[in-house]
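Below are the chains, spelled out letter by letter.
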Amino acid sequence: MLFHSEYSVDTEVEKIGRVLKLESIKNGNVWKNVDILVFNSWHWWIRNVAKQPWDYIQTGNKILKDMDHMVAFREALTTWAKWVDSDVDTIKTRVIFQGISPNHYSGKNWKEPGVKSCSMEKQPILGTTYPSGLPAASYALQDVLSRIKKPVHLLNITTLSLVFIFMGGDFFWRIWMNLGKEGEEKEKREGEEEKTEKKGKKVKGADMAETDEYDGGEFSVREVSANGIRMKTTEVEAKLDQGNIEEAESSLREGLSLNFEHSLEPMSFGFLGLSFEFEFAEQLSEALVYKWLNTMVYEPLTNLVMKEEARALLGRLEYQRGNVEGALRVFDGIDLQAAIQRLQPTLSDKPSRKGRIRSDSQNTVSQHAASLVLEAIYLKAKSLQNLGRLTEAANECRSVIDAVERIFQQGIPDVQVDSRLQETVSQAVELLPELWKQAGCNQEAISAYRRALLSQWNLDNDCCARIQKAFAVFLLHSGVEAGPPSLGSQIDGSYVPKNNLEEAILLLMILMRKYILGKINWDPSVMEHLTFALSLCSKTSIVAKQLEEMMPGVYLRSDHWNALALCYSGVGENSTALNLLRKSLHKHEQPDDLMALLLAAKICSEDSHLAAEGVGYANSAVSNAKGKNEHLKGVGLRMLGLCLGKQAKISSSDYERSRLQSEALKSLEAAFSYERNNLEIIFDLGVQYAEQRNLNAALRHAKQFIDATGGSLLKGWRLLALVLSAQQRFSEAEVVTDAALDETTKWEQGSMLRLKAKLKLAQSLPIDAIETYRYLLALVQAQKKSFSPHISVSQVDDDKVDEFEVWHGLANLYSKLLHWKDVELCLGKAKELKQYSAEMLHTEGVVCQGRGNMHEALSGYINALLLDPSYVPSKILIAAVLSKVASKALPVARGLLSDALRIEPTNTMAWFHLGVIHRDDGRLADAADCFQAAAMLEESDPIESFSSLL
Amino acid sequence: MSDSSSGKAQSAFQSLSSIITSIPPSQSPAFSLLHDLRIASQISTLLRQPDSGAGDNNLCRWLYDSFQSTDPDLQLVVLRFLPIIAGVYLSRVTLRKPLAGFEAVLLALYAHETTSRAGQSITINIPDLSHPSVYHESKTLTKTNATDLNLVVISPSLEPHGTVRSTRRARIVGVALELYYSKISQMPIGSKVDFCEFCEGWAGLDKDSEGCKGLTKEKLNNEGAIYLPWELLQPVLRILGHCLLGPTKNKELYKAASAACKSLHARALHDINPNAILATGSLVRLGKLALDSDKETDYTEIPKTNVISL
C-alpha cells in the first residue's frame with residue numbers, strides 16, 4: 001500500500017486554503033500497525049510554489065504564508081520522530097527512513113553544467129564523496145534521527161545515490177516495489193487468505209507507475225510488506241529439511257535481499273568496493289540500469305560477499321533449530337578460512353592498495369563482515385562440540401582467536417569495535433579452553449586459559465572472571481601440573497606463580513578482590529575453592545583474612561563467625577577462635593550449632609581455666625546431637641569427659657576433684673560406648689585412668705590404643721611405658737620403649753630415648769643411662785648437619801630432637817648421680833640454647849644445694865618460681881630447705897607444699913615433705929597420713945608425669 | 001614408545017599371565033594393563049584376597065618388579081592399583097596379617113618420590129595481592145619481605161626408608177598417594193572410583209539407611225576406620241578434589257567422590273579437626289554446586305532469538 005502524504009505531517013483544507021501543519025501527524029493512526037514503514041521526505045520540501053500542494057504553513061499557533069523550508073523540514077521531522085517514539089511499536093513494525101536523495105536536477109553538482117536531469121547518466125562518479133558535498137537536509141535528518149529513541153533504520157542512500165548519478169531515490173523505490181510485488185504474488189500463491197492480515201501487506205505497484213519519473217519515487221510514506229523473516233525461515237527450513245542446502249541458500253538470499261536491514265550493509269560494502277571497477281563503454285537505457293544492477297552488482301555481491309554471509313546465516317539458523325549436523329554441513333560448504341584471508345588486508349592497518357576507495361564507513365563495514373565470518377566459524381566450533389568432535393571444535397575455535405589476533409595485533413581496542421565481533425571474540429576465548437578440557441588435551445587447555453587471561457581481548461568483567469575461575473578450578477583439580485607461565489607474559493617485578501596451587505590461589509584471590517570492589521557478582525564457589533586450597537596448605541589464617549574482608553550479609557553472621565573460628569583454630573589461635581565461637585553461640589545467634597559447640601568445647605578442654613565453660617558447651621552438644629547429627633553424640637560426650645577431667649585439676653577441694661574425675665570417666669566411658677572405634681577416646685580413657693592411678697585399667701587402654709593404631713602414634717607407646725613404670729615394671733617398660741624406638745625414625749626418638757635413660761636410672765643402671773644420652777647427643781649433631789640450612793621453625797617443634805631437652809635431661813641425670821661438675825657443664829650447654837627457663841634455674845639450685853650452698857640454692861628455686869609460678873619441683877624444694885633452716889618458716893613451707901599438691905595432687909615428694917613438716921611441728925597423725933600417701937603414691941609413680949602425655 | 005619400553009611392557013604382560021587366570025591377547029600391553037577392565041578386575045580381586053599382602057605374594061612381586069622396571073607406562077599400571085593396595089593395607093594394619101608384599105610396593109613408590117625430589121620438601125608461596133602479578137596490577141610497588149612469611153610447606157622433606165616403621169606408615173602411604181595424584185589425569189576412572197570407596201571406609205562412618213532424607217544415621221563403624229593424620233588426609237583430599245571437580249565428568253566417579261567427601265567431612269567433625277572440617281566442608285558444598293551448575297547459563301552459547309540478523 002502506498003500512502004501519499006508528501007510531508008509526513010498533515011495538510012488540511014481550512015477556510016484560508018490548504019494548511020501544512022508541522023506539528024500534526026493524524027495520518028499516523030493509519031500507519032501504526034503495519035509491518036514495515038518506509039518514510040522518505042525532502043523532495044517535496046524544495047518544490048517551487050506552483051507545484052507545492054499547500055498554501056500556508058502552520059507552526060505552533062502561527063500560520064505563515066511561507067518559511068525557510070529547511071526549518072520547516074526539521075520541524076516536520078521532529079514531529080514525526082516524536083510520533084515514532086510515542087505511537088509506533090517497533091517490535092511489530094520496522095521503521096525505515098530512506099535518506100535524502102540528492103537532487104539530480106543540476107548537472108553542475110556532478111561537474112556537467114547544463115544537464116537538467118540525471119536520467120541520461122549511465123556511469124557512476126568515481127570516488128566516495130559527491131563533488132558538491134552532502135545536501136544540507138541530510139544533516140538535519142541525521143540530527144533528528146540521532147535523537148529518536150526507538151530503532152529507526154536510516155537507509156543512507158545519499159552518498160550512494162550521489163555517486164551513482166543514474167540512480168535517483170526512485171531507483172531504490174523501484175527495487176522496493178518490485179520486491180513488494182513479488183511478495184504479494186508469493187502470498188497469493190501460498191493462499192494465505194486472511195483478510196485482516198493481508199490488509200497491510202500489499203504494495204500497489206500500479207500507483208507508482210502512474211506517477212512521473214521523479215515524483216513517483218518520492219512518496220514519503222510507504223507501507224510495504226516484504227515477506228517477514230519468519231515466513232522466510234519456514235520456507236528455508238523446509239528446504240533445509242529436504243537436505244537441499246543450495247536451494248535453501250538461494251531462497252534465503254532472495255529473501256534477505258528483501259529486507260533492507262540485511263541487504264543494505266553488504267550492498268553498500270559491495271558498492272564501495274566495486275565502484276571503481278565499473279567500465280561502461282556504452283550508454284544504457286534507464287530500463288537497462290535495473291538489469292545491470294542485477295547482473296553486475298547483485299550477482300557479484302551475492303557471489304562474493306553474500307555467499308559466506310548467506311551461508312553463515314543459514315548455518316546459524318540450523319544451529320538455532322538444534323540441527324547441529326545440518327549447521328555443520330552448511331558451514332562445511334564454504335571456505336571460511338579463505339574468507340578470513342580475504343578480509344584481512346582491509347582490516348589490517350596497512351596502507352590501501354592503489355585505487356582502492358576508502359571511506360569512513362569502510363572500517364565498520366569490514367568489521368561487520370569480519371564478525372559475520374568469525375561468528376560462522378565460532379558456530380562451526382559449537383556445532384562440532386555438540387557432536388562431540390572436540391578436537392576439531394577446538395581447532396576451529398582457535399582459528400577464530402588466531403584470526404582476531406592477526407587482525408588486531410595490538411590487542412583489541414576498548415572502543416570502536418563492532419559489538420557483535422567483540423561478543424564472538426569473547427565467546428571464542430571462553431570456549432577454547434573448555435573445548436580442550438573436554439577433549440582431554442590438558443596442556444592445550446592450560447595454554448588456552450593463559451592466552452585468554454594474559455592477552456588483550458577486551459573481555460568484560462564477568463567473562464574475564466568466569467575464565468579466571470574456570471582456570472583456577474582446573475589448576476586445583478585437574479591433577480595436571482601446569483608449570484609457570486611463559487617468560488613472554490612476565491612483567492618486571494611482578495609476581496609469577498610457580499606451580500598450580502600458587503596460580504590457583506592467586507586467581508581466586510583476585511576474584512575475591514574483584515567481588516569486594518563490586519566489579520563482579522558474588523560467587524560462593526570462589527570462596528569454597530579458596531578455602532579448600534588454603535586449608536590444604538594449612539594456611540587457614542589467610543582464609544580468615546579473606547573472610548574478614550568480606551561484606552556483611554554474604555553469609556549468615558553466625559556462620560561467618562564459625563568459619564572464622566575454624567580458620568583461627570586451624571592455625572592454633574585458639575583464643576581468637578573461642579571469642580568468635582562465644583559470639584556465634586550467644587543465645588540470640590545459633591546456640592545449638594553442633595560444630596561450634598564441639599569446637600568450643602575442644603578449645604576449652606585444653607585449658608583448665610576454661611574447662612568449666614567447656615563443660616557447658618559439651619553438655620549442650622550432647623543434648624543437641626539428635627536426628628541426623630546423632631552420630632556426634634559420642635564426640636560431645638568425649639569433650640565433656642575431657643573438660644571435666646581438666647576442670648578437676650584446678651578444683652579447690654578433694655571432694656570436688658574426685659567428683660569431677662569420676663564424672664569425667666563416666667562421660668568418656670559413655671562416649672566409648674557410642675564410638676567403639678574412636679581411637680582418641682581409648683587414649684583419653686587410658687590417660688584418665690592413669691592419672692587416677694587406676695593402673696590396670698590404664699594399661700588395658702594403652703594396649704588397646706597401640707593395637708588400634710597399629711603402633712603408629714608415639715603417644716600410645718609413651719602411655720604404655722609410663723603406666724608400666726608406674727607399676728614399677730621397669731624392664732617391661734624398657735622393652736616397650738625399645739619397641740617404640742624400632743617403630744620410629746631417628747629424628748622422632750628424642751622423647752623415647754630420654755624415657756629410656758630414666759628407666760635405666762630407675763633400674764640403677766646409670767652407665768647405661770649416660771650411654772643413652774650420649775647416643776642422643778650424637779643424634780643432635782647428625783640432625784644439625786642434615787637440616788641446618790633450610791628448615792623452617794615450625795617444622796622443628798613437632799618431631800625433631802630437642803637439643804635443649806637433651807642437655808637438660810643429662811644435667812638432671814648427673815645431678816641424681818651427684819656429678820656436680822658435669823651438671824654445670826650440661827647446664828652451660830643448655831643455657832646457650834635457652835637462656836632462661838624454670839627447669840634450668842631449678843637444676844642450678846639443686847647443684848648449689850648439693851654443694852651445701854643453701855642460700856644460692858634458695859635463690860635459684862625462687863628465680864624458677866618467678867619464671868613459672870606453678871613450677872611444682874621448686875615449690876617443694878623451697879619448702880624442704882626452709883623447713884630445715886628455720887623452724888619459724890614452717891607455716892610458709894606448709895603453704896608452699898599445699899599449693900604444690902593443689903597443682904599436682906599425686907606428687908610423692910610433696911606429700912613426703914608435708915609429712916616431715918607435720919612431724920617437726922608435732923602433728924604426728926597428720927604426718928602419718930602424709931607419709932602413707934607418699935608411700936602409696938610411690939608405688940604407683942610413673943617416671944614422668946602422666947600429664948606430660950597431653 | 002621405544003623398543004625397550006614396549007619390550008618391558010611385553011615381558012610384564014607375559015609374566016602377569018602366570019598370575020591371573022585369563023589374560024586377553026593385546027597389541028599394546030602397556031595400554032591393556034592400564035585400561036583393560038578384565039585384567040583390572042582380576043588383579044583387584046586378587047589384591048583383596050585375605051592373604052594378598054604377604055611377602056611371597058606373586059602379584060605383589062609382579063607389581064614391585066613392574067614399578068622397578070623404571071618404565072613410565074608400567075609404573076602407571078602399578079599406580080593404577082595403588083588405591084586398592086593402600087586401601088587394603090591400611091585396613092589390615094591392625095589385624096596382624098603379613099603385609100610385607102604391600103609394604104614393598106609402597107616403599108618402592110616412596111623411594112621413587114624421594115629420589116625424584118631429592119628428599120626436598122615441597123613449599124609454596126601464598127600470593128599476596130599487594131604485589132602486582134601477571135594477572136593483576138597493584139599500585140603499591142613497595143618491596144617487602146612479607147611474602148617470605150607466606151612460605152608454606154605442603155609436603156615435608158623425605159627421609160629414605162628401608163622398612164615401614166609404624167609411626168611413618170601414614171607418611172609413606174601419603175607420599176605414595178602424592179605420586180598417584182601427580183599422575184591422576186592418566187588414571188582410568190575405575191582406579192579413582194576404587195580410591196573413593198576406600199576413603200569412605202577409612203572414614204569409618206556407617207550409614208544405616210541411605211534412603212531416608214537427611215536422616216542418614218552415621219555411626220562410627222567398628223571395621224574400617226583408620227587413623228587419618230594430616231600427612232595422609234591431605235593427599236587424600238587432593239585426590240578427592242580431582243575426582244569430584246576435575247575436568248573429566250563421570251557420573252559414577254562423581255557419586256563415589258561425593259559420598260567419600262561426605263563421610264570424611266563427618267569424620268573431620270568427629271575428630272574436631274579444623275583444617276579437615278574446612279577442606280571437606282568446602283568439597284561437600286562444591287560438590288553440591290557442581291550438581292547445580294548443569295543448569296547454569298552457558299555463556300558460550302549464542303543467544304536464542306527468533307530474529308536472526310546478519
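Refer to the structure above for everything that follows.
Rules used throughout
Residues numbered from 1 in each chain as written. Chains lettered and ligands numbered in written order. Predicted model: local features only at pLDDT ≥ 70, side-chain atom pairs only at ≥ 80, totals over all residues. Heavy atoms only, no water. Helix = DSSP H or I, 4+ residues; strand = E, 2+ residues; numbered from the N terminus. Buried < 20%, exposed > 50% of the residue type's maximum accessible area, 1.4 Å probe, protein only. Contact = heavy atoms within 4.5 Å. Areas by Shrake-Rupley, 256 points an atom, 1.4 Å probe, with all protein chains shown as cover. Pairing = 2+ DSSP bridges. Buried area = accessible area lost by both parts, 1.4 Å probe. Salt bridge = Lys/Arg side-chain N within 4 Å of Asp/Glu carboxyl O. Nonpolar A, V, L, I, M, F, W, Y, C, P; charged D, E, K, R; others polar. Phe/Tyr/Trp six-rings, centres within 6.5 Å; stacked < 30°, edge-to-face > 60°. Lys NZ or Arg CZ within 6 Å of the ring centre and 35° of its normal. Core = buried A, V, L, I, M, F, W, Y, C linked by side-chain atoms within 4.5 Å.

## Comments concerning the overall build of chain B
Tallying secondary structure elements over chain B gives twelve helices and four strands in all. Across the 310 residues that make up chain B, the buried fraction comes to 55%. Long-range pairs, those at least 24 residues apart, make up 66% of the contacts in chain B between residues at least 6 apart in sequence. Working note: accessible area of chain B is about 13800 Å², and carbon and sulfur atoms make up 53% of it.

## Quick word on the overall build of chain A
When you go through chain A residue by residue, the secondary structure sums to 42 helices and nine strands. Buried positions account for 55% of the 950 residues belonging to chain A. Sequence separation of 24 or more characterises 65% of the internal contacts of chain A that already satisfy a separation of 6 or more. When the accessible surface of chain A is totalled, it reaches about 42200 Å², and 52% of it is carbon and sulfur.

## Considering the pairing of strand β5 (residues 56–59) of chain A
All names here are of chain A. Direction of pairing for strand β3 (residues 17–21) relative to β5: parallel, over a ladder of three bridges. Residue pairing in the sheet places V19 in a bridge with Y56 of β5. Bridge count between β5 and strand β6 (residues 62–64): three bridges; the pairing is antiparallel. Bridged to I57 within β6 is L64. The turn linking β5 back onto β6 is made up of two residues, and G60 within it adopts a positive phi angle of 60 degrees.

## Side note on the interface of chain B and chain A
A common way to state how big an interface is: give the accessible area lost once the parts meet. Contacts between the two partners involve 83 residues from chain B, matched on the other side by 109 residues from chain A. Both sides together, the interface formed by chain B and chain A hides about 8300 Å², and carbon and sulfur atoms give 62% of it. Viewed at the interface, chain A and chain B are joined by three salt bridges. Taking the shortest distance from any N to any O, the salt bridge between A:E528 and B:R285 comes out at 2.6 Å. Element by element, the count of residues in the side of chain B that touches chain A is highest for helix α12 (residues 274–292) of chain B, at ten residues. A breakdown of the residues in the side of chain B that touches chain A according to their chemical character gives 41 nonpolar, 28 polar and 14 charged.

## Quick notes on unusual backbone geometry
Even without being a glycine, A:S538 presents a positive backbone phi close to 55 degrees. Among the structural elements, A:S538 can be located in the loop between α20 (524–536) and α21 (540–549). Of note, B:T70 is a non-glycine position whose phi angle comes to about 60 degrees, a positive value. Along the chain, the position of B:T70 falls in the loop between α4 (58–68) and α5 (72–80). Looking at B:T70, the relative accessible area reads 54%, which means it is exposed.

## A look at the packing of aromatic side chains
All names here are of chain A. Using the criterion set out here, one finds eight aromatic pairs over all chains in the structure. With centroids separated by 4.8 Å and ring planes inclined at 50 degrees, the aromatic side chains of Y515 and W522 adopt a geometry described as tilted. Owing to a relative accessible area of 14%, Y515 belongs among the buried residues under this scheme. You can call W522 partly exposed: its relative accessible area is 26%. In textbook terms, an aromatic cluster arises when at least three aromatic residues are bridged by ring pairs, as seen for Y449, F471 and F474. Sitting over the face of the ring of F683, K715 holds its NZ or CZ atom 4.4 Å from the ring centroid.

## Some points on the pattern of salt bridges
Residue and element names in this part refer to chain A. Under the counting rule described, the total for this entry stands at 44 salt bridges over all chains. E944 serves as the salt-bridge partner of R718, at 3.2 Å between the closest nitrogen and oxygen. Taken together, the positions of R718 in helix α30 (residues 714–726) and E944 in the segment after α42 (924–939) put the pair 226 residues apart, joining distant regions of the chain. For R718, a relative accessible area of 11% gives the class buried. Residue E944 is classed as buried on the basis of its relative accessible area, which comes to 13%. Residue K758 pairs with E944 through a salt bridge whose shortest N-O separation is 2.9 Å. One end of the pair, K758, is in helix α32 (residues 750–762); the other, E944, is in the segment after α42, and 186 residues separate them in sequence. For K758, a relative accessible area of 35% translates into the label partly exposed.

## Comments concerning the environment of A:S887
Residues and elements named next belong to chain A. As for its position among the elements, S887 is in the loop between α39 (872–885) and α40 (890–903). Residue S887 is classed as exposed on the basis of its relative accessible area, which comes to 60%. Residues S887 and I917, spaced 30 residues apart in sequence, show a C-alpha to C-alpha distance of 9.3 Å.

## Remarks on the nonpolar core
A:I505 and B:L240 are the most contacted members of the largest nonpolar core, which totals 274 residues. A per-element tally of this core places helix α19 (residues 500–516) of chain A first, with twelve residues. Setting aside its immediate chain neighbours within four residues, A:I505 contacts A:L530, A:A533, A:L534, A:C537, B:I124, B:I126 and B:P127. One finds A:L858, A:Y861, A:A864 and A:I917 within the second-largest nonpolar core, a separate group that totals 27 residues.

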